[in-house]
Amino acid sequence: MKSIRPDPKPNARAPKPRIALPKKRATKRGWKTPRCQVKRCGKKAEVFNDPDEMRCRSHAKAEADRRFSLFIRQRDGKCLRCGKTEGLQCAHICSRRYLSVRWFEWNARALCLGCHKWETEQPLAAEDWWAGVAWGPFGSDEFYPRERLRAMALHGEPEDLAVVLARLGAYK
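Because the structure is a prediction, the values reported are computed rather than measured. (Residues numbered from 1 in each chain as written. Predicted model: local features only at pLDDT ≥ 70, side-chain atom pairs only at ≥ 80, totals over all residues. Heavy atoms only, no water.)

Trainee: Could you give me a rundown of the overall build of the protein, with the residues and numbers involved?
Mentor: Along its length, the protein carries 5 helices and 4 strands. For the protein, the α and β elements follow one another from N to C terminus as β-β-α-β-β-α-α-α-α. In the protein, buried positions account for 33% of the 172 residues. Across the protein, every contact between residues at least 6 apart in sequence was considered, and the portion connecting residues at least 24 apart equals 56%. Here the protein has roughly 12,500 Å² of accessible surface; of this, 52% comes from carbon and sulfur atoms. (Helix = DSSP H or I, 4+ residues; strand = E, 2+ residues; numbered from the N terminus. Buried < 20%, exposed > 50% of the residue type's maximum accessible area, 1.4 Å probe, protein only. Contact = heavy atoms within 4.5 Å. Areas by Shrake-Rupley, 256 points an atom, 1.4 Å probe, with all protein chains shown as cover.)

Trainee: Can you lay out the pattern of salt bridges for me, pointing to particular residues and giving the numbers?
Mentor: As enumerated under the stated definition, the model contains 9 salt bridges in all. Between aspartate 65 and arginine 102 there is a salt bridge, and its shortest N-O distance comes to 2.6 Å. Taken as a pair, aspartate 65 in helix H1 (residues 57-76) and arginine 102 in the loop between strand S3 (88-92) and strand S4 (108-112) lie far apart in primary sequence, 37 residues in all. Residue class for aspartate 65 comes out buried when judged on its relative accessible area of 16%. The class of arginine 102 is buried, set by a relative accessible area of 9%. For the salt bridge of glutamate 159 with arginine 167, the shortest nitrogen-to-oxygen distance reads 2.6 Å. On the accessibility criterion, arginine 167 (45% relative accessible area) is partly exposed. (Salt bridge = Lys/Arg side-chain N within 4 Å of Asp/Glu carboxyl O.)

Trainee: Describe in detail the nonpolar core, supporting the description with residues and values.
Mentor: Phe68 and Ile72 are the most contacted members of the largest nonpolar core, which totals 24 residues. For this core, the secondary structure elements donating two or more residues are H1, S3, S4, helix H2 (113-121), helix H3 (123-131) and helix H5 (161-167). With 5 residues, H1 is the single largest residue contributor to this core. Those residues in contact with phenylalanine 68 that sit more than four places away from it in its chain are Cys90, His92, Arg102, Trp103, Phe104, Glu105, Ala108 and Leu168. Core analysis: the second largest hydrophobic core is formed by 5 residues, Ile93, Cys94, Val101 and Leu149 among them. (Core = buried A, V, L, I, M, F, W, Y, C linked by side-chain atoms within 4.5 Å.)

Trainee: So, the environment of cysteine 41: which residues are in play, and what are the values?
Mentor: Relative to the elements of secondary structure, cysteine 41 occurs in the loop between strand S2 (30-32) and H1. Sequence separation between cysteine 41 and arginine 55 is 14 residues; the distance between their C-alpha atoms is 9.1 Å.

Trainee: An account of the packing of H2 against H3 is needed here, citing residue identities and associated values.
Mentor: Put simply, H2 and H3 touch, their axes get as near as 5 Å, and they point 115° apart. By the angle between their directions, the pair H2 and H3 is classed as roughly perpendicular. Contact residues: Trp118, Glu119, Thr120 and Glu121 in H2; Pro123, Ala125, Ala126, Trp129 and Trp130 in H3. Partitioning the contact of H2 with H3 into residue classes produces 6 nonpolar, 1 polar and 2 charged. (Axes fitted to C-alpha atoms, helices over the stretch in contact; angles between N-to-C directions. Parallel < 35°, antiparallel > 145°, perpendicular 65-115°, else oblique. Nonpolar A, V, L, I, M, F, W, Y, C, P; charged D, E, K, R; others polar.)

Set out below in structure tokens:
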């Protein structure tokens, strides 16, 4: 007697959207997947904007950080604490570990090396000092609530690296 098996259930999860990669190329040994364009990196390319800029995830993050830092330093033009114009660094309010606000322009400001070190070593004093300073983007006099940044950091979705690199494309 044959047993009747029920039809397999359709997959309950919706498939995750994948980053569109160039098609695999046929070689003599088989199919070749696209690789990171950074010299001496053999990892699989996961993020790309053009075929010339295919990168693995770690190199894409590093490039996005470099472009974002340049954007913030050009936007502010001087240290927002002491006013120096040389040796600027990009300082984040919420840590860079939170990918949903890592490249968010309201989460960063330009500080010189000394002020960035002071802010890192004395976070309570720095928090009190920043509470009285308007530091909105593009020199505006608006405040961006720290609580909203925290909520975005904790509950927001990480931004796609290809989108970040495309947005910061002018800062190469």
